[in-house]
Amino acid sequence: MSEKTYLQAISDGLREEMRRDKRVFVLGEDVGVYGGAFKVTLGFQEEFGPWRVLDMPLSETAIMGGATGAAMMGLRPVAEMQFADFVSCAWDHLVTVAAKQRWRAGTPVPIVLRLPSGGGFSGGPFHSQNPESSFAHIPGLKCVCPATPEDAKGLITAAIEDPNPVLFFEHKHLYRRIKGEVPDERYVTPIGKARIHAEGEDVTVITWGAMVYTAEEAAKAVDASVEIVDLRTIMPWDKQAVLDSARKTSKVLVLHEDTRTGGFGGEIAATIAEEAFEDLDAPVRRLAAPDCPVPFSPVLEKAYIPQVDDVVRALKELIEY
Amino acid sequence: MATGTAVEVVMPQMGVSVSEGTITKWSKQVGDQVEADETLLEISTDKVDTEVPSPASGVVSEILVQEGQTVEVGTVLARIGGEAGAAAPAAEPAPAPAPEPATQEAADESEAAAAEVAEPPAQPAEPVVPSENGKSFVSPVVARIASEHGIDPSQVPGTGAGGRVTKKDIQAFIEAGPPASMKASENVAAAAPPAAPQPTLASTPSQEPQAPGEGETLEPMSAMRRGIADHMRRSLDTSAHVTSAIEVDMSKVVAIRAKLKKEYESAYGVNPTYLAFIARATVETLRDYPWVNGELRGDQIVTKNFVNLGFAVELADGKGLIVPVVRNAETLNLLGMAKAIVDIAKRARDKQLTPDDVSGGSFTITNPGGYGTFHGTPVISQPQAGILGTYAIVKRPWVITDENGADAIAIRSIMNLTLTYDHRLVDGALAGRFLRDLRQRLQTWGESDY
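Note that the coordinates shown come from a computational prediction; the quantities given were computed from them, not determined experimentally.

Trainee: What is the right way to read the pattern of salt bridges from this model?
Mentor: In a structure, side chains of opposite charge can pair up when their charged atoms sit close to one another. All names here are of chain A. Within the structure shown, the criterion is met by 45 salt bridges over all chains. Here Arg19 makes a salt bridge to Glu47, at a shortest N to O gap of 2.6 Å. Placement of Arg19 in helix 1 (residues 6–20) and of Glu47 in helix 2 (residues 44–48) is noted, with a sequence separation of 28 residues between them. Salt-bridge contacts for Arg186 lead to Glu161; the nearest nitrogen and oxygen are separated by 2.9 Å. A residue pair is termed long-range when its members are at least 10 positions apart, and Arg186 in the loop between strand 8 (179–182) and strand 9 (195–198) and Glu161 in helix 6 (residues 149–161) qualify at 25 residues. According to the relative accessible area criterion, Glu161 is partly exposed, its value standing at 39%. Taken together, the salt bridges that share partners define one network made up of Lys4, Asp12, Arg15, Arg19, Glu47 and Asp184.

Structure below.
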C-alpha cells in the first residue's frame, strides 16, 4: 500500500498491464513524447518504445479507427481522447463498428478508451462534459467512472482485461486533488459492482465520479445518517446494490454531474420506482446539471455543476418529507 | 444491513385447465431455512400431486395457507425472507386467543350457525377515521408496512411534511406496541389480513359441515379424492358401461418373460413385466379396432392414428389413484414399453408427474391383478371408449388339444382379461373380437415378436 493520486493510480495500472502483456499499447494525441496532456503516460515511451506508445495525428477518428482495427487483429489498445468531449469525433467507429462487432461477428474488441471528463475548472463547453450516459445507451459498450485512486487502478486493469470496448471516464477534477491508499500489487476491481462509500440509515445518495466527494461533504452538513453508494461503473451498473440501499433507507437522491435530461440518473430512478416502489417513503429525487452546455464563467459553472449546498438542500428536503 | 424483499411462493399453475390446488403438506415451517429448489410444500390438484420447490433461498417468514386448504392458482402461499418474518412478532397482538385462520374465518362467514364457534371480534372494523390535513398521503412503504401489520395509518402520529406518517413513524409505532384503544380493531385486522388468500372450500360449498357421529372421525377430501369422485361419477353418467371377460393362456408369455428377464435386467436395468407384454399386445390389437381406441365427441366418432396408453397407478399411501399416459405407445417395442411403464409409475409415486403426463389418453389399462383378483368392472376414463382390466395369473388345469386332435388336461398359467367398453360406441361383438384377437396375440407370442 502506498498513498497515490488518482492520476498516478491510473498511470500505474496502465504501466503494469503494459509490462505484463505485450499486446497492450497506448495511442492518442501527445501521449508519447509529451507524456499525455495530463501526464498519465509520462515516461511510457521511454520504457515501452514509440511502437507501443503511439503519438497520433489530431484525429479522434483515426485514433478510434486504428484502435478498433488493432483490437480486431488481436491487440489490446488503450486509446486516449485528450478530453472526453472529443469522443464525438470518434462516434462512428466506436458506436457503429467497435460496439457492434462482437454481436455481429463474434470478434472480441478489447479496446479501452480513456476519457478525461468532468468540469470544475472553467474548461468551458468543450473541455468539461460528462458524456457517459450517451455511451451507456449503446449496447456493446461498457462505461466505467471510478471515484477513488484504488478503484481507478483496479478498474483500468479490469477494463484492459475485458474483451469488450470499455470507456474509462477519468474525472479531471480528481486527478491530483484526490489521494488515497492504493495496493502495490496487481488487482482487478470488477466492472458492475458498486461500492458503499458511506453507510447510512436515513437517506441514500446514488452517485459516481467526482460527485461522490460532493455527496460526502454534504452528508457531513445534514443531521441524518446518509448512505453514499458509489456506482463505480454505470454500464453495467449494480442494480442490486442500489435497490438494497433504496429498500433500506426508503429515500433516494440520485446525483450526477452530467445534464439532467437523459442523464443516467433517470435510468436509476426509474429502476427504483419499478422495483422498489413499495419500499419508498418519498419520491426518488435527481440532482444534476441543468440542460445546457457547461459555461466558462466560474460563477456560472458553480451554478451549473451540483455543489455541496445543492446536495444539502436536496437531502434536507428528502429527510423532512 | 439491508433486508431483501420477501419472495412470494404462489400456488403454481399445474396445467392450463387447473384453477386451484390443495396444500397437502408443508415441508418447512415459519422460521425454517430453505434453499432454492428445495421442496417447500406438497400440493394436490385435480390432475396431479406434486412437490413445490422453493423459488428462493432464505428463511420462511410467513405461511399464509394451511394444510388442507384449497386455494386458487396464483394465491400467495408463503413468503421467503424479507422483513415480514422479523417483524411478525411485533405485529401479533398480546396474548389474545389466536384468531381462527383467516381462510376458515372467511369460509364461515356464510355459515351463520358456525359463527358462534369463534369468539366474535369485540366490534366490527371501525370505519376509517377521516384523515387530518396533510396526513392523507400514505407513501408506498408506509402503506405496505401498515398492511403487513394490520394498522390503520391514520392512527399513527405523523412527523413528516404536513404531518405525513413516515416510515420511521410507523416503525416506531409498531415497536411501541398498539395503544389500548387500538387493540380491538387490530384484532380484527389480524384476523383478516388484506394479504390473505381468498379461500375456496375443499368440499362442495353447498354441503353443510356436519359434526361427526359417535365413533366417527371426519377428514377433508383431498383434491385428488375429489377429482376421482367427480370423474368416476361423471363417467358412469356419461358412458354405457359394459364389461366382457376372456381367459388367456399366458404360458408362452411366462416362458418368454423368464428368458428375457435376465437379459433386460442386466442390459437395460428394466424388468419386462407381464403388464408390458399385455400393453404391447393391446397396442397392436387396437390398431385393428380404432373405435375401441376412439371416443365420442358430440355426435362425432373420433378415431386416432396413435395410442396414448394410460396406466392406472395406485399411490403409495393407498389413498389415491392416478392415470399417467404413455404417449404414442404405438412407437414402442416391448423394451420401450417396459421402460415407459417403469418411468411413469415411478414418477407417479414420486409426485413428479406433470399435467401433460396425465392427460390426453386414448385407452387405459388397469391392473388390479396384483392382489389376486380375477375379475372386475373398472370405470372408463373419460372421454375414452374402453378400459382393459388385467388380473392375476394363476395355474389352472386346462384342457388342451394336441396335434393329433386328442384332448388332455395340462397345467397352464391362465389370466383373465376384461374389456369395459362404452356401449354407445362399441358393441358387444366388436368388444368380443377385440378380446379374442388380444388373446390370440398373447397365446402365440413368439420370442422374436415385438
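We are not done yet, so read on.
Trainee: Sorry, what's going on with the environment of Tyr175 of chain A here?
Mentor: Residues and elements named next belong to chain A. Relative to the helices and strands, Tyr175 is located in the loop between strand 7 (166–171) and strand 8. Judged by relative accessible area, which is 2%, Tyr175 ranks as buried. C-alpha separation for the pair Tyr175 and Ile10, spaced 165 residues apart in sequence, amounts to 9.2 Å.

Trainee: Quick question: what am I supposed to make of the environment of Pro163 of chain A here?
Mentor: All names here are of chain A. Within the secondary structure, Pro163 sits in the loop between helix 6 and strand 7. Along the sequence, Pro163 and Thr107 sit 56 residues apart, while their C-alpha atoms lie 9.2 Å from each other. Among residues more than four places away in sequence, those in contact with Pro163 are Arg76, Arg102, Pro108, Val109 and Pro110.

Trainee: In this structure, what is going on with the packing of helix 8 (residues 239–249) of chain A against helix 9 (residues 264–275) of chain A? I would like to understand it.
Mentor: In a pair of packed helices, the angle between the axes and the distance between the axes together describe the arrangement. All names here are of chain A. Look at helix 8 against helix 9: their axes get within 10 Å of each other, and the N-to-C directions meet at 60 degrees. As judged from the angle between their axes, helix 8 and helix 9 are oblique. The hand of the helix 8/helix 9 crossing is right-handed. Judged by residue contacts, Lys239, Val242, Leu243, Ala246 and Arg247 of helix 8 engage Ile268, Thr271, Ile272 and Glu275 from helix 9.

Trainee: Before we go on, may I ask you to explain the interface of chain B and chain A in this structure?
Mentor: Interface size is often expressed as the accessible area that is lost when the parts come together. In this assembly, 16 residues from chain B lie in contact with 14 residues from chain A. Taken together, both faces of the contact between chain B and chain A bury some 1200 Å²; the carbon and sulfur share is 44%. For the interface between chain B and chain A, the tally reads three salt bridges. Across the salt bridge formed by Asp281 of chain A and Arg164 of chain B, the nearest N and O atoms sit 2.9 Å from each other. Where chain B packs against chain A, one counts 14 residue pairs in polar contact (both at pLDDT 80 or more). Among the elements of the structure, helix 3 (140–149) and helix 4 (167–176) of chain B are those that each provide at least two residues to the side of chain B that touches chain A. The dominant element in the side of chain B that touches chain A, judged by the number of residues it contributes, is helix 3 of chain B, at four residues. Taken together, the residues that form the side of chain B that touches chain A break down as eight nonpolar, four polar and four charged.

Trainee: Hey, could you run me through unusual backbone geometry in this one?
Mentor: The omega angle of the peptide bond from Met235 of chain A to Pro236 of chain A is -5 degrees, so this bond is cis rather than trans. Along the chain, Pro236 of chain A falls in the loop between strand 12 (233–235) and helix 8. Going from Gln382 of chain B to Pro383 of chain B, the amide bond is cis rather than trans, its omega being 5 degrees. Unusually for a residue other than glycine, Asp37 of chain B sits at a positive phi of about 75 degrees. Along the chain, the position of Asp37 of chain B falls in the loop between strand 3 (33–34) and strand 4 (39–44). The exposure class assigned to Asp37 of chain B is exposed, which follows from its relative accessible area of 63%. Phi is positive for Asn328 of chain B, close to 50 degrees, though the residue is something other than glycine. Residue position: Asn328 of chain B is located in the loop between strand 16 (325–326) and helix 9 (334–349). Taking relative accessible area as the criterion, Asn328 of chain B reaches 34% and is therefore assigned partly exposed.

Trainee: I keep staring at the sheet that holds strand 12 of chain A and nothing clicks. Help me out?
Mentor: The strands that make up a sheet pair up through hydrogen bonds in the backbone, lying either parallel or antiparallel. All names here are of chain A. The strand order 3-2-4-5-7-6-12 describes an open sheet built from seven strands, whose pairing is mixed. The sheet terminates laterally at strand 3 (53–55) and strand 12, the two strands that pair on one side only. Neighbouring strand axes in the sheet, compared pairwise and without regard to direction, differ in orientation by 20 degrees on average. Where strand 5 (residues 112–117) lies against strand 7, six bridges are found, and the strand directions are parallel. Within strand 7, the position partnered with Arg114 by the bridge is Phe168.

Trainee: Help me understand the sheet that holds strand 16 of chain B, please; the structure alone is not making it clear to me.
Mentor: One open sheet holds the six strands; their spatial order is 10-19-18-17-13-16 (chain B), and the pairing between them is mixed. Lying at the two open borders of the sheet, with one neighbouring strand each, are strand 10 (241–249) and strand 16 of chain B.

Parameters at a glance
- Residues numbered from 1 in each chain as written.
- Chains lettered and ligands numbered in written order.
- Predicted model: local features only at pLDDT ≥ 70, side-chain atom pairs only at ≥ 80, totals over all residues.
- Heavy atoms only, no water.
- Salt bridge = Lys/Arg side-chain N within 4 Å of Asp/Glu carboxyl O.
- Helix = DSSP H or I, 4+ residues; strand = E, 2+ residues; numbered from the N terminus.
- Buried < 20%, exposed > 50% of the residue type's maximum accessible area, 1.4 Å probe, protein only.
- Contact = heavy atoms within 4.5 Å.
- Axes fitted to C-alpha atoms, helices over the stretch in contact; angles between N-to-C directions.
- Parallel < 35°, antiparallel > 145°, perpendicular 65-115°, else oblique.
- Left-handed = near helix turned anticlockwise from the far one by under 90°.
- Buried area = accessible area lost by both parts, 1.4 Å probe.
- Polar contact = N/O pair within 3.5 Å; in protein donor to acceptor, adjacent residues only side chain to side chain.
- Nonpolar A, V, L, I, M, F, W, Y, C, P; charged D, E, K, R; others polar.
- Pairing = 2+ DSSP bridges.

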